[in-house]
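# Analysis of the macromolecular model
What follows is the residue order along each chain.
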Amino acid sequence: MKSASTPPVPERWQQLPCGSQIAEQLQLRLDEWAPGLFGFNLLKIDALSAALSLDKSRIRQSVLMGQFPFEGMDLQADATAMPFAPGSLDACLLAHVLDYSEHPHAILRETEIALRDDGWLIVTGFNPYSSAGLACALPALRRRLPRWRHMLAPGRLEDWLKLLGFEVIERDYLGFTRFMQFALPGHWRGRLCPRFCPSLAAVYIILARKRRFPLTPIRELKPVRSALAQPGMARQRE
């Protein structure tokens with residue numbers, strides 16, 4: 001449930017500051033990662049996720065689920081209690097879903113249950129320690145962004161994913177401040193900033209994969225010596 005002080009979940013990328021540019025950059029990353037994704041069922045949660053495409057992947061069909069009504073959705077349900085059987089999904093896309101939720105960790109747990117082993121999870125979010133976090137203090141942008149305390153830092157999100165058994169495969173950082181855009185050319189900004197100063201990026205996108213390993217380690221079997229190779233076995237009869 002959402003409190004009265006929580007900003008409404010945006011229905012279009014244009015409702016976010018620089019939303020159209022951010023959506024274009026996110027779509028470029030998805031187009032790069034999509035050929036490596038495969039499966040039968042893809043779940044997109046809420047309108048921002050539905051606006052992004054994974055058509056270049058090898059996933060056959062997608063389901064649009066909304067926590068609040070939006071045009072074109074297939075079903076409405078709470079992301080903390082998804083109506084899917086365990087292990088029935090091959091991929092899930094959460095575009096800024098955690099930023100607008102009171103229970104982001106519960107959504108991740110529910111997603112982990114619904115995904116099959118080796119299933120894919122794509123998460124985008126606002127970085128609180130960036131220009132997006134500072135913009136929350138401006139009255140003109142306060143209602144167009146999630147609350148600062150709801151924004152998850154990328155490092156914290158990766159820790160949560162690892163605790164749930166996910167392996168982070170790819171990560172990228174987008175939406176740098178105008179100062180960084182003018183100070184560094186696009187080529188160097190794209191190579192240096194994500195590696196050395198990702199906190200300057202307003203938006204991040206993470207691709208993770210659900211992993212399952214046996215709880216009981218498999219003991220290494222010692223080689224058994226052949227009985228015929230033992231000394232004294234090959235004797236001539238008298």
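It is worth spelling out the overall build of the protein chain at this point. For the protein chain, the count of helices and strands is 8 helices and 7 strands. For the protein chain, buried positions account for 46% of its 238 residues. Considering only contacts within the protein chain whose residues lie at least 6 apart along the sequence, 68% involve residues at least 24 apart. Carbon and sulfur atoms provide 56% of the accessible area of the protein chain, an area that totals close to 14,000 Å².

On to unusual backbone geometry. Unlike most non-glycine residues, D46 shows phi in positive territory, near 75°. Using a relative accessible area of 6% as the deciding quantity, one classes D46 as buried. At D118, a residue that is not glycine, the phi angle is positive and equals roughly 70°. Note that D118 resides in strand β5 (residues 115-126).

Moving on: the pattern of salt bridges. Summed over all chains, the structure comprises 7 salt bridges. Of the charged contacts in the structure, one is a salt bridge between K210 and E112, with a shortest N-O distance of 3.6 Å. Here E112 lies in helix α3 (residues 104-114) and K210 lies in strand β7 (residues 201-210), a separation of 98 residues in the sequence. Residue classification places K210 among the buried residues on the basis of a relative accessible area of 5%. Through salt bridges with shared partners, one network takes in E112, D117 and K210.

Looking at the secondary structure, you find H96 in the loop between β4 (89-95) and α3. In the structure, H96 is positioned 48 residues away from L48 in sequence and 7.4 Å away in space, judged by C-alpha atoms. Residues within four places of H96 in sequence aside, it is in contact with W13, L48, T124, G125, F126 and V203. A polar atom in the side chain of H96 sits 2.9 Å from the side chain of D99.

On to the nonpolar core, then. In this structure, W13, L26, L37, L54, I122 and F126 are the most contacted members of the largest nonpolar core, which totals 31 residues. With 5 residues, helix α1 (residues 19-33) is the largest single contributor of residues to this core. Ignoring sequence-local partners within four residues, the contact set of I122 consists of L30, L37, L54, C92, L93, L94, I205, I206 and L207. M82, L98, I107 and V123 belong to the second-largest nonpolar core, a separate cluster that totals 29 residues.

Thresholds, definitions, all that
Residues numbered from 1 in each chain as written. Predicted model: local features only at pLDDT ≥ 70, side-chain atom pairs only at ≥ 80, totals over all residues. Heavy atoms only, no water. Helix = DSSP H or I, 4+ residues; strand = E, 2+ residues; numbered from the N terminus. Buried < 20%, exposed > 50% of the residue type's maximum accessible area, 1.4 Å probe, protein only. Contact = heavy atoms within 4.5 Å. Areas by Shrake-Rupley, 256 points an atom, 1.4 Å probe, with all protein chains shown as cover. Salt bridge = Lys/Arg side-chain N within 4 Å of Asp/Glu carboxyl O. Polar contact = N/O pair within 3.5 Å; in protein donor to acceptor, adjacent residues only side chain to side chain. Core = buried A, V, L, I, M, F, W, Y, C linked by side-chain atoms within 4.5 Å.

Function cannot be inferred from these measures alone, as they are strictly geometric.
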